[in-house]
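The primary structure of each chain is shown beneath.
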Amino acid sequence: MLGTHSRLLAMFLIAAVFSAPSAQGEEVALNQWHVGANLGYGSMTNPLHGGDNLPLILIPDIAYYGESWYFDNAQLGYTFVEHSEHVLSVVTEFNPETRFFVDWHPSRVFALQGNSFASMEMDGPRVVDIHDVRKRQWALDVGLEYHYFSSAGQVTVNALADTTSVYNGWRADISWRNSYRMQRWIVEPTVGIKYANAEMNTYFYGLQQQEVTGLDALSLGSTLQPYANIDVSFILNKRNALRFHVGYIDYHSLASDSPLFEESSAVTAFIGLKHVF
């Protein structure tokens, strides 16, 4: 069972997924901390058997930008190419897939209550609970991230590989987003697609040899996972805004092959107040 430190780390990863980046063309003050908080109600659904939905109550938003180095929630980066339309950085961040294996429910404190007997039902469907498999470790990924800015929006492309020998694979992402301002309203849609190679998918969502009684080792192939989200803010004043966020990621290509999946998608929804300190 992953402990409290893993829950905290997962919350920062959620913040990275949940936070809306600065709108294109916006100037960000350098050499100072940017701290905010989102307080409200929401959740990120967990598509895995036995997995708890991830609660969204208080979501931090922490960033620092220097001349070249920056920290933005869970991502640390160094920008070595920066022009008005093109930005290229070396980035490092924890692999976010571990968030689905974190125990959020209080009952998980008691190990016996966290156990599942699904693997003992040999005549039933091929279902594996996340508490029947070995703990998935946190992996630190490093790679390149490129941003292209235009009047039509911002295109982001990145590719990162495991540097901690946890899953020995790599992943990539391409997305488009834009920011539309209408008086006090800000609407920010994002669409994209994620790539995960076979080694990454097998580590997180496959099965190792003798990991689950009665089931053989299971290797998975590479997948593409389309996603979309929309972030809507209503500005109250300089430091406060009402915020609504909804996001969707499609795991169908994984769910059809992995017995860990109960659902083929994960949905994030949140409504609340954003405050900038």
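Conventions we followed
Residues numbered from 1 in each chain as written. Predicted model: local features only at pLDDT ≥ 70, side-chain atom pairs only at ≥ 80, totals over all residues. Heavy atoms only, no water. Helix = DSSP H or I, 4+ residues; strand = E, 2+ residues; numbered from the N terminus. Buried < 20%, exposed > 50% of the residue type's maximum accessible area, 1.4 Å probe, protein only. Patch = residues over 30% accessible without salt bridge, like charges linked within 9 Å, V, L, I, M, F, W, Y side chains within 5 Å. Areas by Shrake-Rupley, 256 points an atom, 1.4 Å probe, with all protein chains shown as cover. Salt bridge = Lys/Arg side-chain N within 4 Å of Asp/Glu carboxyl O. Contact = heavy atoms within 4.5 Å. Core = buried A, V, L, I, M, F, W, Y, C linked by side-chain atoms within 4.5 Å.

## Structural notes on unusual backbone geometry
Point 1. Of note in the backbone geometry, N168 takes a positive phi value of approximately 55 degrees without being a glycine.
Point 2. Even without being glycine, Q183 reaches a positive phi, approximately 55 degrees.
Point 3. Structurally, Q183 can be placed in the loop between β9 (180-182) and β10 (185-196).
Point 4. Judged by its relative accessible area of 86%, Q183 is exposed.

## Observations concerning a nonpolar patch on the surface
Point 1. There is a patch of nonpolar side chains on the surface, built from W69, L76, Y78, F80, V90, V142 and L144 and spanning about 620 Å² of accessible area.
Point 2. Among the elements of the structure, β4 (75-82) and β6 (140-150) are those that each provide at least two residues to the nonpolar patch.

## Quick notes on the environment of V142
Point 1. In this fold, V142 is placed in strand β6.
Point 2. According to the relative accessible area criterion, V142 is partly exposed, its value standing at 33%.
Point 3. Through-space distance from the C-alpha of V142 to that of V91 is 5.7 Å; in sequence the pair is 51 residues apart.
Point 4. Not counting chain neighbours up to four residues away, the residues in contact with V142 comprise V90, V91, T92, A159, L160, A161 and T163.

## Comments concerning the pattern of salt bridges
Point 1. Scanning the model with the defined rule gives seven salt bridges in all.
Point 2. The partner of K274 in a salt bridge is D61, with the nearest N and O atoms 3.5 Å apart. One end of the pair, K274, is in strand β13 (residues 265-276); the other, D61, is in strand β2 (residues 54-65), and 213 residues separate them in sequence. Here K274 and D61 have matching classes, each one buried.
Point 3. A salt bridge links D231 to R243; the nearest nitrogen and oxygen atoms lie 2.7 Å apart. Note that D231 is positioned in strand β11 (residues 223-235) and R243 in strand β12 (residues 240-250), a separation of twelve residues in sequence.
Point 4. Its relative accessible area of 3% is what places D231 among the buried residues.
Point 5. R243 sits in the buried class, given a relative accessible area of 2%.
Point 6. One network of salt bridges, with partners in common, ties together E93, D141 and R171.

## Quick look at the nonpolar core
Point 1. Within the largest apolar cluster, 27 residues are counted, with the highest numbers of intra-cluster contacts made by L48, F100, F101, F204, Y205 and Y251.
Point 2. Tallying contributions element by element places helix α3 (residues 198-205) first for this core, with four residues.
Point 3. Once residues lying within four places of it in the same chain are set aside, the contact partners of F100 are M44, T45, N46, P47, L48, L54, I130, Y205, Y251 and A266.

Honestly, that's just the spatial picture; any functional story needs more than this.
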